[in-house]
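Commentary on secondary and tertiary structure
Chain by chain, the residues run as shown.
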Amino acid sequence: MSVLDSIIEGVREDLAARRLPLAQIHQRIEAIAPPLDAHAFLTRDEMNVIAEVKRSSPSKGALAPISDPASLAEQYQEAGACAVSVLTERRRFGGSLEDLDAVRKRVEIPVLRKDFMVDEYQFLEARAHGADIVLLIVAALSKSQLNDYYDLATELGMASLIEVHTAHELESAMNINPRIIGINSRNLKTLDVDSHAFAELIPQIPADVIRVAESGISTRADVEFAQNAGATAILVGEALVKSGDPISAMQELLGRR
């Protein structure tokens, strides 16, 4: 079993334990504010940052305790982040829907629910907890699931970050005419990182698609490498949460200090 398969197995088990009646989740959706236009935020600057609230990861273990995710998200917003990514997977990343709730209440920029979305209910759940963006990992989904989940997220008013790692996955992603594609330099099946995925795949994405470089970005040189490949946004978690000063760390990544 690959790392990705193991994570998804746990995600399904946890979902079964917290699933609410559909009528209840729809009531929550109706009561919450409509989603923000994530596409507008992700194109506002030459290089845009999706800053991540991330306590741990399968590859690095514990990263930072993050006792107050909302305060961290607020610092991200102050530093110029265009969106905040919140891990909600519990077993491997130490996240929760409570973190998502706390961040959504504190910031005025789009919030990405970062999880392994493998069930229709999770999309309703994401919107009920205030998500403006959801993650769709091509490696974790069949072609029909990718298409159906993209349509469902769009119907709920949310943007979708379509994540790929290989040329084959990118081809599958392009079939749904996405507006945002993330190139993850980390292979989720092995956890190996190959930053050359940016240089190989980003140039293959049409210019009218928002191109996000994910994973392995910790220095200004990493940002420049991704930007030179054609990235219009980066998703950064580890480098920010481990810095001790996320505002300065983000300014350094963007070459503003």
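Not measured: the values here are computed from a predicted model.

**Remarks on the overall build of the protein chain**
Helices and strands together make up the secondary structure of the protein chain, namely twelve helices and ten strands. Its C-alpha atoms give the protein chain a radius of gyration of 17 Å, within 12% of the compact-globule value 18 Å for 257 residues. In terms of principal-axis extent, the alpha carbons of the protein chain reach across some 50 × 40 × 35 Å. Considering only contacts within the protein chain whose residues lie at least 6 apart along the sequence, 67% involve residues at least 24 apart. Only carbon and sulfur atoms are counted for the fraction: they give 46% of the accessible area of the protein chain, which is about 11100 Å².

**Quick word on helix α8 (residues 167-174)**
Within the sequence span of α8, burial applies to Glu169, Leu170, Ser172 and Ala173. Axial view of α8: buried residues confined to an arc of 160°, hence all on one face. Relative to its buried face, α8 has exposed residues pointing more than 90 degrees away, namely His168 and Glu171. Contact partners of the buried residues in α8: α7 (143-155), β7 (159-164), β8 (180-184) and α9 (196-201).

**A closer look at the pattern of salt bridges**
Taken as a whole and judged by the stated rule, the model has 15 salt bridges. Salt-bridge contacts for Arg91 lead to Asp14; the nearest nitrogen and oxygen are separated by 3.0 Å. Here Arg91, found in the loop between β4 (83-87) and α5 (97-106), pairs with Asp14, found in helix α1 (residues 3-18); they are 77 residues apart in sequence, far enough to count as distant. For Arg91, a relative accessible area of 42% translates into the label partly exposed. Note that Asp99 is salt-bridged to Arg55, the shortest N-O span being 2.4 Å. One end of the pair, Asp99, is in helix α5; the other, Arg55, is in the loop between β1 (48-53) and β2 (56-57), and 44 residues separate them in sequence. Linked through salt bridges whose partners overlap, the residues forming this network are Glu13, Asp14, Arg90 and Arg91.

**Considering the pairing of strand β10 (residues 233-236)**
Of the two faces of β10, the one carrying Ala233 and Leu235 and the one carrying Ile234 and Val236 are both buried. Direction of pairing for strand β9 (residues 210-214) relative to β10: parallel, over a ladder of three bridges. Across the sheet, residue Glu214 finds its bridge partner in β10, namely Leu235. Regarding the hand of the β-α-β motif, the stretch spanning β9, helix α10 (residues 220-229) and β10 is right-handed.

How each quantity is defined
Residues numbered from 1 in each chain as written. Predicted model: local features only at pLDDT ≥ 70, side-chain atom pairs only at ≥ 80, totals over all residues. Heavy atoms only, no water. Helix = DSSP H or I, 4+ residues; strand = E, 2+ residues; numbered from the N terminus. Rg over C-alpha atoms; globule rule 2.2 N^0.38 Å. Contact = heavy atoms within 4.5 Å. Areas by Shrake-Rupley, 256 points an atom, 1.4 Å probe, with all protein chains shown as cover. Buried < 20%, exposed > 50% of the residue type's maximum accessible area, 1.4 Å probe, protein only. Arc of directions from axis to C-beta. Salt bridge = Lys/Arg side-chain N within 4 Å of Asp/Glu carboxyl O. Pairing = 2+ DSSP bridges. Right-handed = clockwise from strand over helix to strand, strands pointing away.

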